[in-house]
Amino acid sequence: MAEINNAHSITVIPYLSFMGNCEEALNTYIEAFGGEIYYISRWNEKTFESTPEQIGKVMHVEFTLGNTRMAGGDTFDDENINTAIKLMIHMDSKEDAIHTISVLSKGGTVISPLQPHPEPDDAGCGSITKDRFGYTWIITCPNPDKH
């Protein structure tokens, strides 16, 4: 098996697809986690692929959530949407985790409320929330009762 010479310079960038609500999702995620949009392009009359409803929607966006670089865009092809991935984010405090879960759960579902992990991982807490865009977030934080 061949080895890549610059393996340490490779960065995995999660790419999230949305059905016309990418910009709404980005605003929600930045409210929940903090972050910044670095680049955004939009579908126009010359570039739309399948339906004029794409015009004005996000073709490609690059952004950060915390220190994580991510990308995404709107697609209008159901086959390109796969929300089966789970995204895990560790928050610095229980208060930050509660805020994040509150933002993500608006229009979504808290699958598992924030609670201490079982032993031997009980120094942390975790929650699972499926947001209104279809993505599942695992939110963790330190367990304040163990610190």
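Residue numbers run consecutively from 1 along every chain, following the written order of its sequence. Restriction of local features to residues with pLDDT of at least 70 applies here, the model being predicted, together with a cutoff of 80 or more for giving and counting side-chain atom pairs; totals for whole chains, interfaces and linings are based on all residues. The basis for every side-chain value is the complete set of non-hydrogen atoms in the structure, without hydrogens or water.

Whenever I open this one, the packing of aromatic side chains confuses me. Can you help?
Under the pairing criterion, centres of Phe, Tyr and Trp rings, with the six-membered ring standing for Trp, must be within 6.5 Å; the plane angle then separates stacked pairs below 30 degrees from edge-to-face pairs above 60, leaving the rest tilted. A full pass over the atoms with the stated rule returns 6 aromatic pairs. Among the aromatic residues, those joined into a cluster by ring pairs are Phe18, Tyr29, Phe33, Phe133, Tyr135 and Trp137.

Sorry if this is basic, but what is going on with the environment of Ile37 here?
Only DSSP runs of H or I with at least four residues qualify as helices, and only runs of E with at least two residues qualify as strands; both kinds are numbered from the N terminus onward. Mapping Ile37 onto the fold places it in strand β2 (residues 35–42). For the exposure calls, accessible area comes from a 1.4 Å probe over protein chains only, and a residue counts as buried if that area is under 20% of its type's maximum, exposed if over 50%, partly exposed in between. Classification of Ile37 as partly exposed rests on a relative accessible area of 34%. Taking the C-alpha atoms as reference points, Ile37 and Val61, separated by 24 residues in sequence, lie 7.3 Å from one another. Residue contacts are defined here by distance: any two heavy atoms, one from each residue, within 4.5 Å place the two residues in contact. Not counting the four nearest positions on each side in its chain, Ile37 is found in contact with Leu26, Ile30, Val61, Glu62 and Phe63.

Whenever I open this one, the sheet that holds strand β8 (residues 136–142) confuses me. Can you help?
Whether two strands pair comes down to DSSP finding at least two bridges between them. Spatial strand order, β5-β8-β7-β6: 4 strands in an open sheet with mixed pairing. The strands lining the two open edges of the sheet, one partner per strand, are β5 (86–90) and β6 (109–116). Geometrically, the sheet is characterised by an average inter-axis angle of 15° between neighbouring strands, direction not taken into account. Bridge count between β6 and strand β7 (residues 124–130): 5 bridges; the pairing is antiparallel. Residue pairing for β7: Pro116 is matched across the bridge by Cys125. For every element, the axis is a line fit to its C-alpha atoms; helices are fit only across the contacting stretch, and the angle between N-to-C directions ranges from 0 to 180 degrees.

In this structure, what is going on with the sheet that holds strand β3 (residues 58–65)? I would like to understand it.
One key point about sheets: their strands pair by backbone hydrogen bonds, in either a parallel or an antiparallel sense. Spatial ordering of the open sheet is given by β1-β4-β3-β2, a layout of 4 strands whose pairing is mixed. Single-partner strands in this sheet number two, and they are β1 (15–18) and β2. Within the sheet, the average angular offset between the axes of one strand and its neighbour, ignoring direction, is 20°. Seen against the sheet, helix α1 (residues 22–33) touches β1, β2, β3 and β4 (68–74) and runs at an angle of roughly 5° to β3.

What am I meant to see in the environment of Pro113 here?
You can see Pro113 is positioned in strand β6. Taking the C-alpha atoms as reference points, Pro113 and Ile128, separated by 15 residues in sequence, lie 6.8 Å from one another. Contact partners of Pro113, with chain neighbours within four places excluded, come to Gly126 and Ser127.

Looking at this model, I keep getting lost on the packing of α1 against helix α2 (residues 94–105). Mind explaining?
Two elements in contact, α1 and α2, have axes whose closest approach is 8 Å; the angle formed by their N-to-C orientations is 165°. It follows that α1 is roughly antiparallel to α2 by the angle criterion. Along this stretch, α1 crosses α2, giving a crossing that reads as right-handed. Of the residues in α2, those in contact with Thr28, Tyr29, Glu31, Ala32 and Phe33 of α1 are His99, Thr100, Val103 and Leu104. Classifying every residue of the contact of α1 with α2 by side-chain character gives 5 nonpolar, 3 polar and 1 charged. In these notes the angle categories are as follows: under 35 degrees is roughly parallel, over 145 is roughly antiparallel, 65 to 115 is roughly perpendicular, and the rest is oblique. Handedness of a crossing is defined here by the sense of rotation of the near helix relative to the far one, left-handed for an anticlockwise turn of less than a right angle and right-handed for a clockwise turn. In this count, Pro and Cys sit with the nonpolar residues alongside Ala, Val, Leu, Ile, Met, Phe, Trp and Tyr, while Asp, Glu, Lys and Arg are called charged and the others, Gly among them, polar.

Would you mind showing me how to read the nonpolar core here?
One broad rule of soluble globular proteins: the nonpolar side chains tend to lie buried together. Buried Ala, Val, Leu, Ile, Met, Phe, Trp, Tyr and Cys residues form a nonpolar core when they are joined through side-chain atoms within 4.5 Å. With 26 residues, the main nonpolar core has Phe18, Tyr29, Phe33, Trp137 and Ile139 as its most contacted residues. Taken together, the elements giving at least two residues each to this core come down to β1, α1, β3, β5, α2 and β8. Per-element tally for this core: the top contributor is α1, with 6 residues. Apart from the residues within four sequence positions on either side, Phe18 is in contact with Ala25, Tyr29, Gly73, Asp74, Thr75, Ile81, Phe133 and Tyr135.

Would you take a moment to explain the pattern of salt bridges for this structure?
If charged atoms from side chains of opposite charge come close, those side chains can pair. The salt bridge definition used is simple: a Lys or Arg side-chain nitrogen within 4 Å of an Asp or Glu carboxyl oxygen. For the structure on display, the rule yields 4 salt bridges. Put simply, Arg132 and Glu24 hold a salt bridge, and the shortest N to O gap is 3.1 Å. Remark: Glu24 occurs in helix α1 and Arg132 occurs in the loop between β7 and β8; sequence separation between them is 108 residues. A salt bridge links Lys106 to Glu31, with the shortest nitrogen-to-oxygen separation between them at 3.9 Å. Of the two residues, Lys106 is situated in the loop between α2 and β6 and Glu31 in helix α1; the sequence distance between them amounts to 75 residues. Judged by relative accessible area, Lys106 falls into the partly exposed class, the value being 48%.

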